[in-house]
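# Observations on the three-dimensional arrangement
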Amino acid sequence: MKPLEDRIADQVKQIPRSGIRDFFELVQGRDDVISLGVGEPDFSAPWHIREAAIYSLEKGHTSYTSNLGLLSLRESISRYVTGQFGVTYDPANEVLVTVGVSEALDLVCRALLNPGDEVIYHEPCYVSYSPSIALAYGVAVPVETRVEDEFVLKAEDVAAKITDRTRVILLNFPTNPTGAVEPVEELQKIADLAIEHDLIVVSDEIYCELLYDEETGMELGEHVSIASLPGMKERTILLHGFSKAFAMTGFRLGYACAPQILTEAMMKIHQYSMLCAPIMSQNAAIEALENGAEEVERMRRAYARRRNLVLKRFREMGIPCFSPGGAFYAFPDIRKFGLSSKDFAFRLLEEEDVAVVPGDAFGMAGEGCVRACYATSYEQLEIAMDRIEAFVSRLES
Ligand code: PLP
């Protein structure tokens, strides 16, 4: 019999395991570790949303739904998206409910790419982008964003990567892992490039409710979706979900909004691979969209306070850290210690029991930084920052 590893498809063999998961296997079983690692809210989903899932079960709603998702949920999504992004999608055929943004990303790649088609995206970025493209036989074309530019994606850097095989530009603002928000003028230039070169834009806006104003960090910052810019709705697939702002990671629910032909293509794959998203999660999501705004704002304000604490403490330690405009991540620049981001993170874990993610887990452009997720309690963050301070003062002495 042939060795089992020879049975694995080439494109699966090629993709690396997630650097985050590898790192967090080390954290397992260590009791005193404070984890600023996994990008997940420390809050449980608000009670009224959990109750909606419970009622769904109580009422015996345990069936499949339409492949696109419950019409009532798609109607809620359409209203919410109009309010949030200023773009309106027809719930009948322009909204597809998915199993998280993760599934939506996979559907987008499989629906749009022929073998060898290129997807331009910015690094450092969410760990799934490059593997999702590769698994759909596409070619991942990263564009580096730099700490010196506060991780703004420069349209000229995007332009330099466009070839006659480019099909898609994939964007994520606010960005995981940096928290960067794209200035509207730059977003407009990227939109102009997409129109000029006739490209589809996929915009993952999963953190768009978690925004912090420039001045105090406490007020709600402004979000502009590329889908709302002139001429863009017809060439954009907007991805959003419930995991982050509503603290609903375990419900596994997201959605894609796009022109009907693109929605239909994604739906074809979804209907054969997933059939539909779970009905109790869909019922909970309706409650989240209709009545969740206050809780989202409560959690956002808690993140804002923590963000300010983390930034202040890093800066007091002399570690440069730009002000992230969104999400729940800080991405401090640790180059001055002369350690790779992996060595820094491993030693911090070994010596002080604090877990942060090495920046290179998000692509080579992340090397020299680490990601600290501040979706953990204020009190725990205070202890974590004390421990980081002890660690860096030892490095410096
Ligand atoms: N997109 C980004 C940028 C993320 O950071 C994450 C999760 O960390 C996801 C997508 C996946 O989200 P979901 O839980 O909806 O699959």
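Whatever comes next refers back to the structure up there.
So, here's what we can say about the structure. (Residues numbered from 1 in each chain as written. Predicted model: local features only at pLDDT ≥ 70, side-chain atom pairs only at ≥ 80, totals over all residues. Heavy atoms only, no water.)

## Section: the sheet that holds strand 5 (residues 166-171)
If you trace the seven strands from one edge of the open sheet to the other, you get 2-8-7-6-5-3-4, paired in mixed fashion. Here the strands that pair on one side only, and so sit at the sheet edges, are strand 2 (95-98) and strand 4 (139-144). Put simply, the sheet's adjacent strands are angled 20° from each other on average, direction ignored. Docked against the sheet, helix 5 (residues 100-112) engages strand 2, strand 5, strand 6 (200-204), strand 7 (236-241) and strand 8 (254-257), running at close to 160° with respect to strand 7. (Pairing = 2+ DSSP bridges. Helix = DSSP H or I, 4+ residues; strand = E, 2+ residues; numbered from the N terminus. Axes fitted to C-alpha atoms, helices over the stretch in contact; angles between N-to-C directions. Contact = heavy atoms within 4.5 Å.)

## Some points on the pairing of strand 12 (residues 370-373)
Side chains of strand 12 alternate between two faces, with Val-370 and Ala-372 and Arg-371 and Cys-373 buried alike. As judged from the two bridges shared by strand 9 (residues 329-330) and strand 12, these two strands associate in the antiparallel manner. Residue pairing across strands places Ala-330 opposite Ala-372, the latter belonging to strand 12. Pairing of strand 11 (residues 357-358) with strand 12, which is carried by two bridges, proceeds in the antiparallel orientation. Paired with Val-357 across the strands is Arg-371, a residue of strand 12. (Buried < 20%, exposed > 50% of the residue type's maximum accessible area, 1.4 Å probe, protein only.)

## What about the environment of Gly-325?
Residue position: Gly-325 is located in the loop between helix 11 (293-316) and strand 9. Not counting residues up to four positions away in its chain, the partners in contact with Gly-325 are Gly-179, Val-181, Leu-210, Leu-211 and Tyr-212.

## A short note on empty space enclosed by the protein
Empty space left among the atoms is revealed by rolling a probe the size of a water molecule over them. Considering all chains together, one arrives at two cavities of 30 Å³ or more under this definition. Quantified by volume, the largest cavity comes out at close to 50 Å³. Those elements that place two or more of their residues in the lining of the largest cavity are helix 5 and strand 5. Among the elements that line the lining of the largest cavity, the one with the most residues is helix 5, at four residues. A breakdown of the residues in the lining of the largest cavity according to their chemical character gives nine nonpolar, no polar and no charged. The space that makes up the second largest cavity amounts to roughly 30 Å³. If you trace the second largest cavity, you find it lined by Phe-314, Pro-332, Ile-334, Phe-344, Leu-348, Val-356, Val-370 and Ile-388. When grouped by side-chain class, the residues that make up the lining of the second largest cavity number eight nonpolar, no polar and no charged. (1 Å grid on protein atoms, 1.4 Å probe; cavity = no way out; pocket = protein on both sides within 12 Å on 5 of 7 lines; lining within 4 Å. Points joined across faces, edges and corners; volume = space filled by probe spheres on them. Nonpolar A, V, L, I, M, F, W, Y, C, P; charged D, E, K, R; others polar.)

## Here's the deal with the sheet that holds strand 9
Working definition: the strands of a sheet are paired by backbone hydrogen bonds and lie parallel or antiparallel to each other. Read from one edge to the other, the open sheet built from three strands follows the order 9-12-11, with strand pairing classed as antiparallel. In this open sheet, the two edge strands, each paired with only one partner strand, are strand 9 and strand 11.

## With respect to the environment of Leu-70
By the secondary structure assignment, Leu-70 is in the loop between helix 3 (47-58) and helix 4 (71-85). C-alpha of Leu-70 to C-alpha of Met-232: the two residues are 162 residues apart in sequence and 27 Å apart in space. What Leu-70 contacts, discounting residues up to four positions off in sequence, is Thr-65, Ile-279, Gln-282, Asn-283 and Ile-286.

## A short note on the packing of aromatic side chains
Any pair of aromatic rings gets described here by the distance separating the centres and the angle formed by the planes. Summed over the entire model, instances satisfying the criterion amount to 14 aromatic pairs. Ring centres of Phe-344 and Phe-391 lie 5.2 Å apart, and the angle between their planes is 80°; this geometry places the pair in the edge-to-face category. A residue pair is termed long-range when its members are at least 10 positions apart, and Phe-344 in helix 12 (residues 341-352) and Phe-391 in helix 13 (residues 378-396) qualify at 47 residues. Of the residues examined, Phe-391 reaches a relative accessible area of 0% and is grouped as buried. Aromatic ring contacts, followed pair by pair, group Phe-43, Tyr-207, Tyr-303, Phe-328 and Tyr-329 into a single cluster. Lying over the aromatic face of Tyr-89, Lys-233 brings its terminal NZ or CZ to 4.8 Å of the ring centre. Its end group placed over the ring of Phe-43, Arg-298 keeps NZ or CZ at 5.5 Å from the ring centre. (Phe/Tyr/Trp six-rings, centres within 6.5 Å; stacked < 30°, edge-to-face > 60°. Lys NZ or Arg CZ within 6 Å of the ring centre and 35° of its normal.)

## Looking at the pattern of salt bridges
Per the counting criterion, the structure on display carries 28 salt bridges. The salt bridge partner of Arg-30 is Asp-353, with a shortest N-O separation of 2.8 Å. Residue Arg-30 is found in the loop between helix 2 (19-27) and strand 1 (34-35), and its partner Asp-353 is found in the loop between helix 12 and strand 10 (354-355); the two are separated by 323 residues along the sequence. The shortest N-O distance in the salt bridge between Lys-189 and Glu-186 comes to 3.7 Å. One end of the pair, Lys-189, and the other, Glu-186, are both in helix 8 (residues 184-196), three residues apart, so they sit about a helical turn from each other. (Salt bridge = Lys/Arg side-chain N within 4 Å of Asp/Glu carboxyl O.)

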